[in-house]
Structures are given as C-alpha cells and as structure tokens.
Amino acid sequence: MNKDEFLEQQIKQLLQTGSDKQDLEKILGELKEIMKKIDDRSPEETIEELTNEIKEKSQMFLDKKNQDNESIITALSTCIYLPSLTGEYKLKFIGGKTSDGLDVNEETLFDIASITKMYTLLLTFKLEELGIIKLTDKISDLDSRFIGLEDFTIEDIILLCGELYTKGNPKDGKTKEEAEKILETIYLKSNDRTRNLYTDLGAIVLSRTLETVLSKYLNRQVTFDEIMEKFLLKPFGLNETKFNPDNYNLAGNGNTLGLVHDPKSRALGGNVGSAGIFTNSDDLAKLAKQMYIVDYCNYNALKNLVSKKNLDKMGTVTFPNSAQSNKGLLGGYQKHPDRENKWLDPLAYADKTFTFQGFTGAAATFDPTNKIHNNFLVGAIKDGAPKKDALFLETFRIYQQFIVYKTLELLIVKKYYEFINTKEEIDATFKI
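Cut-off values and rules
- Residues numbered from 1 in each chain as written.
- Predicted model: local features only at pLDDT ≥ 70, side-chain atom pairs only at ≥ 80, totals over all residues.
- Heavy atoms only, no water.
- Helix = DSSP H or I, 4+ residues; strand = E, 2+ residues; numbered from the N terminus.
- Rg over C-alpha atoms; globule rule 2.2 N^0.38 Å.
- Contact = heavy atoms within 4.5 Å.
- Core = buried A, V, L, I, M, F, W, Y, C linked by side-chain atoms within 4.5 Å.
- Buried < 20%, exposed > 50% of the residue type's maximum accessible area, 1.4 Å probe, protein only.
- Pairing = 2+ DSSP bridges.
- Expected span 1.5 Å × (residues − 1).
- Patch = residues over 30% accessible without salt bridge, like charges linked within 9 Å, V, L, I, M, F, W, Y side chains within 5 Å.
- Areas by Shrake-Rupley, 256 points an atom, 1.4 Å probe, with all protein chains shown as cover.
- Salt bridge = Lys/Arg side-chain N within 4 Å of Asp/Glu carboxyl O.
- Phe/Tyr/Trp six-rings, centres within 6.5 Å; stacked < 30°, edge-to-face > 60°.
- Lys NZ or Arg CZ within 6 Å of the ring centre and 35° of its normal.

Q: What is the right way to look at the overall build of the protein in this model?
A: Along the backbone of the protein there are 13 helices and 13 strands. Taken over the C-alpha trace, the protein has a radius of gyration of 22 Å; the compact-globule value for 432 residues is 22 Å, and the two agree within 12%. Projected onto its principal axes, the C-alpha positions of the protein cover 70 × 50 × 40 Å. Residue pairs in contact within the protein that sit at least 24 positions apart in sequence constitute 69% of those at least 6 positions apart.

Right, here's the structure in full:
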C-alpha cells in the first residue's frame, strides 16, 4: 500500500465512523502535503511542523483582545491526546497567568465548572456497576430531604427530564446551612419525561443523595468530594483533580481567593455534582486513557474502569426532538443527527463523541471511537461576571475547530508511523 492509498483508506475509515465529509475535505490538502514529505523526515520533524502551527494559533487565541483592549482570555492549557497500545501522543500548549499573576505551568489547576457534571456521571455509573445504587432508584426514597421530586429517579435526573425548581436560589444562602435548606425545597414543576431541560439543580441533588447513600453504605459520614476521591479519582490515578484545592496555582475561577467561580457551588461548600472541580490537562488526558482502555482489556478484571456500555450512553443523543436536542446526560454535548449549528461537539469526529463545557469557558471533548481527546482549559471569566465575553465565544469556536483539524492530521500521521513500524511516545509541553 502506497501513501496515497494509505491516506485514502484512513479518510474512508473516518467517514465510516461518522466524521463529516466537508470537514475531512478541509484537511485533505494539508494531509497530502504532509504525506509527500513524510518519508524524508523523522517523526520529530513532522511533529515539529504541526506543533509550530498549533503554538502560533494558540498564542493568537491567548493574545486576543476585546474592544476595551482587555484580554478575553488570561490563561490557557490546551491538550491533544491520542492514546494507543503502540505509543501515545500527548501535546500540551500552555501560557498566560494564574489568578495570582503567576505564569501558567503544567501543574496549574483550572476551574472547569460544569465539566464537573461529567465526573458526577462517571461516578454514578461506577456506583451502579458496583451494585451500590440502581439508576431506577427514586431520589426521594434514597434521601427524604428531596420529597418534592416525587417519583423521579436517578436516571430521570441524569437525563435532565422535567422542570426542577427551588423556592429561592441556593447561591443566596448566607451560610452553607441556609443554602442547603433552600436546595431541599426542590420540587417538580413538570415531570415530563419526553424532553430534557438543562439545569444545575439535578446534579447538585444527585451529589447530596449520593452522600446519604454512601454514608449508609460505608457506615460513616462522607462528603461528595470524599466519595469522588474514593470511587473515581483515586482508582483512575487522577491525583491533581480535586474540589477546593488548597494551593493557589489556580486559573479559570476569575478570583484570587482560591474559590470556585460558580456561586451555587461556592455557597454549598464548593463540592457538589454540578461544579467545583479543578484539574489540569494531564489529568484530563489520564481520564481519557481510562475511558478508552476498556477496548483493550478484560473489563471484568479491572473493576476501576467504567464499562463501554455506559460510556456509549454519554455520546448517544437522548432527545433528538427536544429544544436542547444536542445536550445529553447531565448536559454533555453530543453530535446531533441533523448536524446543523451544533458546533461544540466537532462534526469531524466520530459519532458518539461527547463534549462537556463549563461556564468558565473550559471544554473537554472525547471521541472514544478514534481514541481522541482534546481539552481547552482557560481563564475567560471574571469573578461574579454574569457571562463570558461574546468575543471569547466567537474566537473559541474558531480555535476549537483548528485544534480538531490538527488533531485529525496528527492521528493520521501517527497511524502512518505505526503502519511503517515506527513506534514512539510523545509527551511534550509547549510554552506559548
């Protein structure tokens, strides 16, 4: 098989997984140029050419200013991760300043806001697989504080069914106890199970319910962050992923207090199912590896993993005709069948790709079919700000699409080197 035939085969395989033809056509010209020169270069030279362009675009993204000449993004850590049995690529592009004005480095932790919901979802699946809970369990049966949820189950919560409201807003509680009392007033305005409606409240209630269940199971009082640590973070080796970090090498939260940005999470102690996690690009790459390794191993022999059946649910469209049709379990974005204006989950990636995004601007994308992971950790929000700068969102879309295209180019380059029996590991950090 010559290089042209190899490239044609790879594009055909991507199309078969659901990659968008128009997107693949946009990178085909660059791929042909790369393949022309690839045999006359070392892998390092080829990767250097690709990474130089990524560094340049990352610097432009970081340097973008708004109309008031203020930075729309103050900190950045972007990762392209391609794991495999024959050698993984992990490339990180970091720059900017932390909340305390220090240079961002590999250890800098970012406030990932609603990406926390992805961890809550994985934890819920893991506890189900361990037999500790059932998705059909009623929330009010597990925790009597939430009697207003009537017959709603854990599954209804993660599907974002119905309309959930509280009498007041937990963020307005003057103490944690007051915030918890407001949360306990949660009730169903609608119990419609035919559509979804995005809300933080379900994930918060789920985290508090899991505290009640696991406190009984372990015969001691435990908090949500302790449950997350015991059943997900520690088994997955995510040592730098945490709630309420006690160091100040932090970014993305918009404040110098070391506190989570999200006001409801902050009022409730900073450790709830909807927001509060801080992490870095390395730990997100580790998480991707743990997700994808189920294809390579005997799942039953490695009980710390989450099953492929449950991972598939995370990328499956649940309510294709709902108003928020591209949002799935606990609000993760999914590739929608009509492919119109669904920008956050890249159309260039395979079906069942999913993306979680946080209010702070962070995003994490997982394509389990092609073993692709991208994360975008940013400082794009000011403390107490009601929303991000519109220019940030516009710029982020362009930057994300660029990273997606470069990731696919790297994927095919990597596969070519494997095809010609050149195996390598790349773990590189590029300061921008």
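Q: Sorry, what's going on with the nonpolar core here?
A: Looking at soluble globular proteins, one finds that nonpolar side chains tend to be buried together. Counting 76 residues, the largest nonpolar core has Met118, Tyr119, Leu149, Leu287 and Phe366 as the members making the most contacts within it. Ignoring anything within four residues of it in the chain, the contact list for leucine 149 reads Ile139, Ile157, Leu164, Ile186, Leu188 and Val205. Listed in part, the 50 residues of the second largest apolar core include Leu24, Leu31, Ile372 and Ile403.

Q: Explanation requested: the pairing of strand β2 (residues 89-96) in the structure shown.
A: Regular strands place side chains that alternate from one sheet face to the opposite one. Within β2, seven of the eight residues are buried, which leaves the element mostly enclosed by the surrounding structure. Strand direction decides the pairing type here: strand β1 (residues 75-82) and β2, joined by eight bridges, are antiparallel. In the strand pairing of β2, tyrosine 81 is matched with lysine 90. Pairing between β2 and strand β13 (residues 426-431): six bridges, direction parallel. Its bridge partner lying in β13, isoleucine 94 is registered against lysine 431.

Q: When you look at helix α11 (residues 281-292) in this model, what are you seeing that I'm missing?
A: Across its twelve residues, α11 extends 17 Å between first and last C-alpha, which sits within 8% of the 16 Å expected from 1.5 Å per residue. Considered for burial, the residues of α11 that qualify are Ser281, Asp282, Asp283, Leu284, Ala285, Leu287, Ala288, Gln290, Met291 and Tyr292.

Q: Would you explain the sheet that holds strand β8 (residues 277-279) in this entry?
A: Each strand in a sheet pairs with its neighbour through backbone hydrogen bonds, running either in the same direction (parallel) or in the opposite one (antiparallel). An order of β6-β8-β3-β7 is seen for the four strands of this open sheet, with the pairing classed as mixed. Each edge of the open sheet is held by one strand with a lone partner, namely β6 (242-243) and β7 (250-251). Where strand β3 (residues 109-111) and β7 come together, two bridges link them in parallel fashion. The residue bridging phenylalanine 110 from the neighbouring strand is alanine 251, located in β7.

Q: How do you make sense of a nonpolar patch on the surface when you look at a structure like this?
A: On the surface, a nonpolar cluster with roughly 280 Å² of combined accessible area is contributed by Met1, Phe419 and Ile420. Along the chain, methionine 1 turns up in the segment before α1 (3-17). For methionine 1, a relative accessible area of 52% gives the class exposed.

Q: In this structure, what is going on with the pattern of salt bridges? I would like to understand it.
A: Side chains bearing opposite charge may pair, as long as their charged atoms lie close to each other. By the definition in use, this model includes 34 salt bridges. One salt bridge in this structure joins arginine 145 and aspartate 143, with 2.7 Å as the shortest N-O distance. Overall, aspartate 143 belongs to the buried group, its relative accessible area being 4%. In this structure, the salt-bridge partner of lysine 171 is aspartate 172, at a minimum N-O distance of 3.3 Å. Exposure remark for lysine 171: the relative accessible area of 40% places this residue in the partly exposed category.

Q: Can you help me understand the packing of aromatic side chains in this one?
A: Pairs of aromatic rings are described using the distance from one ring centre to the other and the angle between the two planes. Enumeration over the complete set of coordinates arrives at 15 aromatic pairs. Centre to centre, the rings of phenylalanine 376 and tyrosine 399 are 6.0 Å apart; their planes meet at 75 degrees, and the pair counts as edge-to-face. On the criterion of sequence distance, the pair formed by phenylalanine 376 in strand β12 (residues 372-379) and tyrosine 399 in helix α13 (residues 390-419) is long-range, its members being 23 residues apart. Looking at phenylalanine 376, the relative accessible area reads 1%, which means it is buried. For tyrosine 399, a relative accessible area of 4% corresponds to the buried category. Here the aromatic residues Phe61, Phe376, Phe392, Phe396 and Tyr399 are joined through ring pairs into a cluster of three or more. Sitting over the ring of phenylalanine 402, lysine 57 keeps its end group 5.2 Å from the ring centre. The ring of tyrosine 89 has lysine 414 sitting right over it, with the charged end atom 5.8 Å from the ring centre.

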